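Architecture and fold: a report
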Amino acid sequence: MGASEENSSLFPIFILTIMALPLVPYTMLKLCRAASKKAKSTHCQCSVCLRSGKYRKSIFKRISNFSTWSNLTLVLLWVVMVVLVYYVKHISHEIQVFEPFSILGLEPGASDSEIKKSYRRLSIQYHPDKNPDPEAHNYFVEFISKAYQALTDPIARENFEKYGHPDGRQGFQMGIALPQFLLNIDGASGGILLLGIVGVCILLPLIMAVIYLSRSSKYSGNYVMHHTLSTYYYFMKPSLAPSKVMDVFIKAAEYMEIPVRRSDGEPLQKLFMLVRSELNLDLKNIKQEQAKFWKQHPALVKTELLIQAQLTRESGALSPALLRDFRRMLELAPRLLEELMKMAIIPHNPQGHGWLRPAIGVVELSQSIVQAVPLSARKASGGSGEGIAPFLQLPHFSEAVVKKIARKKVRTFQDLQDMTMQERAELLTQVAGFSSAESLDVETVLEIMPSVTIDITCETEGEEGIQEGDIVTMHAWITLKRCSGMIGALPHAPYFPFHKDENFWLLLADSVSNDVWLSQKVNFMDEAAAITAASKAIQEAKEGSGASLKEISSAVKETVEKVKSGSRLVMGKFQAPAEGNYNLTSYCLCDSWIGCDIKTSLKMKVLKRSRAGTRGGAVVEEGPSVEDGVEEEKEEIEEEYDDYESEYSEDEEDVKDVESKGNGSSSDSSDAEEEDE
């Protein structure tokens, strides 16, 4: 009986241990993530962002944000653990070890007369003839009588004093941490025990494996469906213009799963009339164009209209059901756009190059969705190649305000940024009719807008010059500065209802051939990770070049200081192409702000590889000398959008003409070289 009680008491301890093993580290991980997220959430403080409610810390919103299935399950498990701890703590006092002296109320080593005297006293109190209580009878038989026998029998007493048990030396006893009713294998209890063993040891792991495999076969590591990735890859084309990227974006399987209800028909018709001007319909054949639009798959029609509702800021006209679908669409948009970007820049040719034109289109679509700016606002107008889109992301700005300040020769966004704070305040209050508070909101947003510079070099490590076939290493330092002095911050995006980090895409590309040679996403929020990655990269590069420990330590220290001051190191390798001069361009594109993208020209000269495999020295040519095969020119060039096709939106035939001309010129130059030889 004592063994069964001990086994039963071990069962709560066993369950408590099994629960604590995964629960404690998972809870610590959740708390660390919440703390890091809170620490880096530096958001815009303008009145428009504050009124949007996205950053409001009300008690109801806190409860709503906390009331997720994972958090509620976590709290429930901790409540169960507390109950188990309380139960184990109290049940440990109820289990009594067989101690004859303590049962009879005597001190160890008492005499026989004292034992008999105590036994008679307890017999009067608990004997069945004296006390009819069943519990008293059970206590007298199981404890008092056995204790008296253990102490009055000389052999039993000697065994107890020597081995701690009246029956002498006991063997090793093992218990099972299961309740007593499961240890009784007779009748139904045996089936319950068998069912529990099968469920815990076989069915539970099998169910978990099936759930994991089914989910992993459906979703990628970024929680995007594999069907979406295959669809994006199929429809991605090298000549895909930025204005046509949305046609590919809305074909995501996640959007196709959003239900299209019968009750959505009338609200979607009203929304169509509000955003019709943004759908690129032919006004000459408007009836045929409208009919063609509505003949598309209903999910495609609904998704495109909801995206246009975001771009035109018409979400207030949506019904409650459509508003839920609208929020779901925006919640999925950032990671779907990231995967669409990856489909554009993954290797598409034998040289391992991606496509520049669709990549720029994806970033422009991401900027427009985050800032809720129509794609038509990117059309070149008023001497500005980037249109009025950068102005519209500022608070209280509209197309009418842009026209007013244009009369004062502020036609580009750069003109507005170059003005002093006092000049901007006078312009906005006197010309645009802003109040002092509204003018202050504009200044607040301009202070957190990022300004990015690129310092990029390409070289063959340990060699002079770049020869065809070499493995070229690109070193790029991207430096971000804001007028507010911050480095990492959330963008001003009052119409995007979710938190959105700033991400930058660095592309090393040949704009003529539409090829992306190298690409990498850069984020300025996690400084610790950036320090670790940059330090490791610099250390490996210095060790490979044979630098001393002092030089390595100095280089790493300098790298850490640069990262802390707002710079990020991007490194990549690519194989040098055939001999010739290449005019490359490094792009740094922001996926959240409009008008913050920059381009830097980079001229790279690839030398012909020597026949013996030795490296040639410097090559002297007419004109500017090229040192180490690379001449870097850093010029910030404003993006030029031609009818919102940006500067890479030539028709497919134009791209082919450029490629054919390029091939013809390269073949002519090679023929001329052969004649010279």
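Note that this is a predicted model, so its numbers are computed, not measured.

1. Considerations on the UniProt feature "transmembrane region" (unreviewed entry) in the protein chain
UniProt records the feature "transmembrane region" (unreviewed entry) for residues 12–29, 66–88 and 192–213 in the present numbering. The annotated region residues 12–29 carries 100% helix and 0% strand content, and the separation between its end C-alpha atoms amounts to 26 Å.

2. Details of the environment of Ser 535
Structurally, the position occupied by Ser 535 is in helix H24 (residues 527–544). Residues Ser 535 and Lys 557, 22 residues apart in the sequence, show an inter-C-alpha distance of 8.1 Å. In terms of polar contacts, Ser 535 uses its side chain to reach the backbone carbonyl oxygen of Ile 531, at 2.7 Å.

3. Brief notes about a nonpolar patch on the surface
Side chains of Val 198, Ile 202, Leu 203, Leu 206, Ile 207, Val 210 and Ile 211 sit close together on the surface and give an oily, nonpolar patch of about 620 Å² of accessible area. Residue position: Ile 202 is located in helix H10 (residues 188–218).

4. Quick word on helix H11 (residues 226–235)
What H11 keeps buried is the set Thr 228, Leu 229, Thr 231 and Tyr 232. The buried residues of H11 occupy an angular sector of 165 degrees when the element is viewed end-on, so they sit on one face. Set apart from the buried face of H11 by more than 90 degrees, the exposed residues are His 227 and Tyr 234. Looking at the buried residues of H11, the elements they touch are helix H12 (245–249), helix H13 (253–256) and helix H17 (320–345).

5. Description of the nonpolar core
Phe 397, Leu 416, Met 474 and Leu 508 are the most contacted members of the largest nonpolar core, which totals 60 residues. The element best represented in this core is strand E3 (residues 471–481), accounting for five residues. Excluding anything up to four places from it in sequence, Met 474 contacts Ile 456, Thr 457, Cys 458, Leu 506, Leu 508, Leu 518, Val 570, Met 571 and Gly 572. Counting residues in hydrophobic clusters, the runner-up holds 59 residues, among them Leu 268, Val 275, Val 362 and Ala 509.

Rules behind the numbers
- Residues numbered from 1 in each chain as written.
- Predicted model: local features only at pLDDT ≥ 70, side-chain atom pairs only at ≥ 80, totals over all residues.
- Heavy atoms only, no water.
- UniProt positions renumbered as here; feature names shortened; annotations may be inferred.
- Helix = DSSP H or I, 4+ residues; strand = E, 2+ residues; numbered from the N terminus.
- Polar contact = N/O pair within 3.5 Å; in protein donor to acceptor, adjacent residues only side chain to side chain.
- Patch = residues over 30% accessible without salt bridge, like charges linked within 9 Å, V, L, I, M, F, W, Y side chains within 5 Å.
- Areas by Shrake-Rupley, 256 points an atom, 1.4 Å probe, with all protein chains shown as cover.
- Salt bridge = Lys/Arg side-chain N within 4 Å of Asp/Glu carboxyl O.
- Buried < 20%, exposed > 50% of the residue type's maximum accessible area, 1.4 Å probe, protein only.
- Arc of directions from axis to C-beta.
- Contact = heavy atoms within 4.5 Å.
- Core = buried A, V, L, I, M, F, W, Y, C linked by side-chain atoms within 4.5 Å.

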